[in-house]
2 protein chains.
Amino acid sequence: MEVSLLEEVENILRYRFRNKKLLEEALTHSSFLDGVSYERLEFVGDPVLSLAISNYLFLAYPDLDPGQLSALRAANVSTEKLARVAVRIGLHRFVRHSAPPLVDKVERFVDAVKLEINPVAHGGSVKAPKVLADVVESVAAAIYVDVNFDLQTLWVIMRGVLEPIVTPDALEKQPQPVTMLYEMCQKKGKQVDIKPSREGDLSVAKVFVDGEFVASASSSQKDHAKLEAAKIALGKLAHLVPSTDKKSATNMKLNFAADENVLKRIQVPLMKRNLSAQFRFQLLMVFFKCLGMKNLG
Amino acid sequence: MEVSLLEEVENILRYRFRNKKLLEEALTHSSFLDGVSYERLEFVGDPVLSLAISNYLFLAYPDLDPGQLSALRAANVSTEKLARVAVRIGLHRFVRHSAPPLVDKVERFVDAVKLEINPVAHGGSVKAPKVLADVVESVAAAIYVDVNFDLQTLWVIMRGVLEPIVTPDALEKQPQPVTMLYEMCQKKGKQVDIKPSREGDLSVAKVFVDGEFVASASSSQKDHAKLEAAKIALGKLAHLVPSTDKKSATNMKLNFAADENVLKRIQVPLMKRNLSAQFRFQLLMVFFKCLGMKNLG
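As recorded by an unreviewed UniProt entry, chain A carries the name RNase III domain-containing protein and is attributed to Glycine max.

Here it is, written out as structure tokens:
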């Protein structure tokens, strides 16, 4: 891969790789004949992002219950979210592949995302191509390996890349349709059932409420079919939806500590991100204080 | 929680907590009225173990493809695997709860595990109670928070707790029944379909091959029903199973680097686990060499 292209990606990430081969690997789709594909890195990148986001949420929202934390994590590492990250920072322009159908898929998604006014947490008009989310995961893994498996440093670099991080407020405005459908029906004492099936190459999801057919949708991805069917069902059952009490969710944001040596290799001055030792200590104190109060309460 | 009980658990884990409240929290089920339950820690513990195992597998098996790595990871962090870890180290004796049905469930599982001769990767005669796997995850998270979110140090402590780590060889001897069923049918040009449904409180899974009913099973857990149905189907379709070529899988085992300061708080001398700086450097060199060779090849 041309050095100038790799440097362009490094500029986007604001990080200079010690081992450029890692970045090249992270940008190589399995269809590309030359070089190692990103799949092994993606294997690591998935739990890397999951734990980095989990740490952040665990520290930033001491008052959220585990269910709310899990919903927030899912929204922040979903294919829909990560594919939008790839488009926002322009990473999709650097993926090496030899799979022509990908070009059209990615272009249609990029066009659709450009028209989105508010961040979309659970899928917009065009399904997110998995390759885009995969590349964000594999790039995260490439950085993680390059910084010697130091998650704190990875987070300092990836925190900005993942913006906007989905907050409790944002999630409350866009609840997950399947969860919302189940919750709504449970409140109204109704039994909801989403039945999956296959029609040729497509996954079909049919929504039944109290045994009665309400909606169906199909997609090449099972989860996407379920999501779309739930959305349609929610539209049809809108008369049941209660007005929700908006909970005021804390919006505190914390960074993890970071290794000063590795920070020197991060290109752009990290004025806001690079935490002083004293601030790091204060953060940990706040965190343990929160834990302590909960234990005593 | 009594100090002597906490110390007993610390002895099992070979780790002394700075903040004992974290360990107490990790051992408290949501049914227990006093204190904070383990659910927030479990939220972090799940990706902690997932990333720790992923790092280990990524470094230890440079020749495995991503599919094999994913299968190995799944086997090492499954409910069945982690619940057996809890039983093996005796952690189940320290869980605080006020849910009497749990006692019977756990006892039946403990008795069944005692009768197992070989490690069971995908479920034995009695379904693993989720609470046992949850507690291993939350204890891992408690250690992780106590060592300031340092995954390398967490791994040094948890590596022994998680023994026996499922290796490629062990997994090959016990392939995942659902995967095996799909692979076997694909090889024979047959179409397999596992249809989930509900009967009262139970999940039911029915296996169809080329549209013909082959087997069914029910369980309170959907995945368990699917697994059991696949096992029965494999038994009935045994005449289709090809003799597999045993691949010789590498068994190299690596530890991550560890923070020397925190290691001092680990109770028992970690002669084998505590890596010298030189050895750590060698490990990283081996790893980058492998990566380099793959990139050049």
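With that settled, the discussion passes to the overall build of chain A. Looking only at helices and strands, one finds 13 helices and 3 strands in chain A. Scored against the burial criterion, the 297 residues of chain A give a buried share of 51%. A sequence separation of at least 24 residues applies to 65% of the contacts in chain A between residues at least 6 apart.

Take the relation of the copies chain A and chain B next. Placing chain A over chain B gives an RMSD of 0.0 Å and needs a rotation angle of 180°, together with 0.0 Å of translation along the axis. Here the transformation between the copies is reduced to the relation of a two-fold axis. Taking C-alpha positions as the reference, the residue of chain A nearest the rotation axis is P47(A), at 3.0 Å. By residue overlap, the copies meet face to face through one surface: 100% of the interface positions of chain A are interface positions in chain B.

This part is about the pairing of strand β1 (residues 192-199) of chain B. Residue and element names in this part refer to chain B. Where β1 meets strand β2 (residues 202-209), 8 bridges bridge the pair, whose relative direction is antiparallel. In the sheet register, D193 faces β2, and the bridge partner there is F208. Turn length for the β1-β2 hairpin, with the two strands adjacent in sequence and antiparallel, is 2 residues, and the turn residue G200 shows positive phi of about 65°.

Below, the discussion takes up the interface of chain A and chain B. At the interface, 40 residues of chain A touch 40 residues of chain B. Across the chain A to chain B interface the summed buried area is about 3900 Å²; carbon plus sulfur atoms make up 65%. Together, R40(A), F43(A) and F149(A) form the three largest contributors to the area buried by chain A at its contact with chain B, with a combined 22%. Between chain A and chain B we count 0 salt bridges in total. Connecting chain A to chain B are 11 residue pairs in polar contact (both at pLDDT 80 or more). Those elements that provide at least two residues to the side of chain A that touches chain B are α2 (20-26), α3 (39-60), α4 (66-77), α7 (130-146), α8 (151-161) and α13 (277-296) of chain A.

The rules behind the values
Per chain, residue numbering runs from 1 following the sequence as it is written. Each chain gets a letter, beginning with A, and each ligand a number, beginning with 1, in the order they are written. It should be noted that, the model being predicted, local features are given only for residues of pLDDT at least 70 and side-chain atom pairs only at 80 or more, the latter also being counted only at that level, while totals for whole chains, interfaces and linings use all residues. Only hydrogens and water are removed before side-chain values are computed, so all heavy atoms of the structure are retained for them. By definition, any uninterrupted DSSP run of H or I lasting at least four residues is a helix, any uninterrupted run of E lasting at least two residues is a strand, and each is numbered from the N terminus. Type-normalised accessible area, obtained with a 1.4 Å probe on protein chains alone, sets the label of each residue: buried when under 20%, exposed when over 50%, and partly exposed for intermediate values. The contact criterion used throughout is that any non-hydrogen atoms of two residues lie within 4.5 Å. The least-squares superposition of copies is restricted to C-alpha atoms, and to residues with a pLDDT of at least 70 in both copies. Should DSSP find at least two bridges between two strands, the strands are taken to pair. Simply put, the buried area is the total loss of 1.4 Å probe accessible area from both parts when two parts are fitted together. One speaks of a salt bridge when a side-chain nitrogen belonging to Lys or Arg is within 4 Å of a carboxyl oxygen belonging to Asp or Glu. Between N or O atoms, a polar contact is any pair within 3.5 Å; within protein, one atom must be a potential hydrogen donor and the other a potential acceptor, and residues adjacent in sequence are included only when both atoms are from side chains.

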